[in-house]
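Here are the chains, one letter per residue:
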Amino acid sequence: MAQERKVALAGAAHLELVSGVIQLRPEDAMVDAMLRGWRAQQMSRGLKEDTIAGRERLIRRFQEFTNEYPWSWLPGHMDEWSASLTGERHLAPSTIRSYQGDVRQFTEFLIDGRYGWAVACEDAFGTHPVAICHEWNTIAHLNDYEGDPEARPFTREELQRFLDYADDQVDRAVRSKRKGALAAYRDATLFKVIYGWGLRRTETSKLDLADFGRNPKARQFGRYGTLNVRYGKAKKGQPPRRRNVLSVMDWAVDAVQDYVENVRPQFGCEDHPALWVTERGGRVKPSEINARFVAYRAALKLPEALVVHSLRHSYVTHLTEDGVDRRFIQEQVGHECDSSTAIYTHVSDDFMNTALSKALNPAFDEAPTRKDR
């Protein structure tokens, strides 16, 4: 009787991984092998090169967004990414559905036992990929806000409550003498910086200490007169766009100066360039910013329509209400077109009723002030 042959599936882990070779960066090598395997699997199904290449680029963008490797991806990453595609990038539901489908196919390929990637990851890193796409965190979960994908801004009262609560967490940690006081102080300041300079979450996480500089026309802010944003939203196929954001809120400058001079040194990361560091000496990730925001929002029972990006929207809306020149706001947030700034602006009824009388009276001092400690 002829011996039965075992035919290896295109894309199987053992076909893409080179045994006996020590990789300098094993995690990156594993990701590259996974994508080669997925490419081989798709080619065996007759898919076109353009389709395959587009999917690979999307997976790499998803990995960059999560700042994690595929074997560490969790359903929460998909949920956060989906909200970002809606609230930050303002993509159409059909586009989001397509993107989610690509990530679903890739992760299902990785967890399919026939291809062996789960075992390979377990052997190499002690963990394995899991399913991250479910009904509750893909397009069906977005139906409630597909019609209006804008992340609405905070009202001034909501913003004050949120920032006050963040400050309160520092006080509570200090009084109870428990761990986490430094991280709570860092995050309270981080949220003030997002609002105070109108930043995106990723822009904020990638800030370095050296990104602050002086503004000769605003000497009162010292070395915090400008903020060099090095990782602004990029156009497709282009590097991140840079922009300089002028400081306009003195209370926000006071907050970040206090953090840099009195709190950050206590983390013991003198040689780390990052503005926001962790107690383990790393850089704070966008997902960690989101997790802290969601926890505070839930504690305050604020609407789920408020997301981290709402702080950026609030910056645009509140400056508009305060009579600041529209062109100036557009340059501050890095919008090429005024129409992009317009969709960020959701002024209150009170503003609409009194806009003419306030247009020439900028009122930066109405912004939330940092609580004295």
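Quick notes on the rules
Residues numbered from 1 in each chain as written. Predicted model: local features only at pLDDT ≥ 70, side-chain atom pairs only at ≥ 80, totals over all residues. Heavy atoms only, no water. Helix = DSSP H or I, 4+ residues; strand = E, 2+ residues; numbered from the N terminus. Buried < 20%, exposed > 50% of the residue type's maximum accessible area, 1.4 Å probe, protein only. Contact = heavy atoms within 4.5 Å. Phe/Tyr/Trp six-rings, centres within 6.5 Å; stacked < 30°, edge-to-face > 60°. Lys NZ or Arg CZ within 6 Å of the ring centre and 35° of its normal. Salt bridge = Lys/Arg side-chain N within 4 Å of Asp/Glu carboxyl O. Pairing = 2+ DSSP bridges. Axes fitted to C-alpha atoms, helices over the stretch in contact; angles between N-to-C directions. Parallel < 35°, antiparallel > 145°, perpendicular 65-115°, else oblique. Nonpolar A, V, L, I, M, F, W, Y, C, P; charged D, E, K, R; others polar. pLDDT = per-residue confidence, 0-100. Left-handed = near helix turned anticlockwise from the far one by under 90°.

A. Here's a closer look at the overall build of the protein. Helices and strands together make up the secondary structure of the protein, namely 15 helices and 3 strands. Evaluated residue by residue, the protein yields a buried proportion of 46% over its 373 residues. Sequence separation of 24 or more characterises 66% of the internal contacts of the protein that already satisfy a separation of 6 or more.

B. Representation of the packing of aromatic side chains. Evaluation of the coordinates by the stated rule reveals 21 aromatic pairs. Here a set of aromatic residues connected by ring pairs shows up, and it is made of Trp38, Phe62, Trp73, Trp81, Tyr99 and Phe106. The cationic tip of Arg61 hangs over the ring face of Tyr99; the distance from NZ or CZ to the ring centre is 5.9 Å.

C. The side chain of Thr189, seen in detail. When you line up the elements, Thr189 lands in helix α8 (residues 181-197). Residues within four places of Thr189 in sequence aside, it is in contact with Ala255, Val256, Tyr259 and Trp276.

D. View of the pattern of salt bridges. One pass over the full model with this rule turns up 24 salt bridges. The partner of Asp102 in a salt bridge is Arg55, and the shortest N-O contact between them spans 3.4 Å. One end of the pair, Asp102, is in helix α5 (residues 93-111); the other, Arg55, is in helix α3 (residues 49-66), and 47 residues separate them in sequence. There is no split in this pair, since Asp102 and Arg55 are both buried. In this structure, the salt-bridge partner of Arg200 is Glu203, at a minimum N-O distance of 2.6 Å. Neither Arg200 nor Glu203 differs from the other in exposure class; each is buried.

E. Representation of the pairing of strand β2 (residues 226-232) within the structure. With 5 of 7 residues buried, β2 lies mostly within the body of the structure. Where strand β1 (residues 212-213) lies against β2, 2 bridges are found, and the strand directions are antiparallel. Opposite Gly213, over in β2, you have Thr226 as the bridge partner. Note that β2 and strand β3 (residues 241-246) share 5 bridges and pair antiparallel. In the strand pairing of β3, Val229 is matched with Arg243.

F. View of the side chain of Ser247. Note that Ser247 resides in the loop between β3 and α10 (250-263). Dropping the residues within four chain positions of it, Ser247 is found in contact with Trp197, Phe221, Tyr224, Gly225, Thr226 and Val253.

G. Structural context of the environment of Asp102. Accessibility expressed as a relative area gives 12% for Asp102, which makes it buried. Measuring from C-alpha to C-alpha, the distance between Asp102 and Ile52 comes to 10.0 Å, with 50 residues separating the pair along the chain.

H. Quick peek at the packing of helix α2 (residues 26-44) against helix α6 (residues 117-125). The geometry of α2 relative to α6 is characterised by a closest axis approach of 12 Å and an angle of 175° between their N-to-C directions. Relative to α6, the element α2 is oriented roughly antiparallel. On α6, the residues that touch Pro26, Glu27, Met30, Ala33, Met34 and Gly37 of α2 are Trp117, Ala120, Cys121, Ala124 and Phe125. Across the contact of α2 with α6, the residue classes tally to 9 nonpolar, 1 polar and 1 charged.

I. Broad picture of the confidence of the model for the protein. This prediction gives the protein a mean pLDDT of 83; 82% of its residues lie at or above 70. Across residues 141-149 the pLDDT falls below 50, and counting only partners more than four positions away or on other chains, this stretch makes 15 contacts in the model.

J. Layout of the environment of Glu16. One can find Glu16 in helix α1 (residues 13-16). Taking the C-alpha atoms as reference, Glu16 lies 9.6 Å from Ala40; in sequence the two are 24 residues apart. If we ignore the near neighbours within four places in the chain, the residues touching Glu16 are Ala33, Arg36, Gly37, Ala40 and Trp117.

K. Molecular detail of the packing of helix α12 (residues 308-321) against helix α13 (residues 326-333). Running from N to C, α12 and α13 point in directions that differ by 165°, and their axes come no closer than 10 Å. Taken together, the axes of α12 and α13 are roughly antiparallel relative to one another. In this structure, α12 crosses over α13, and the sense of that crossing is right-handed. Residue-level inspection shows Arg312, Tyr315, Val316, Leu319 and Thr320 of α12 in contact with α13, the latter providing Ile329, Gln332 and Val333. The class makeup of the residues in the contact of α12 with α13 is 5 nonpolar, 2 polar and 1 charged.

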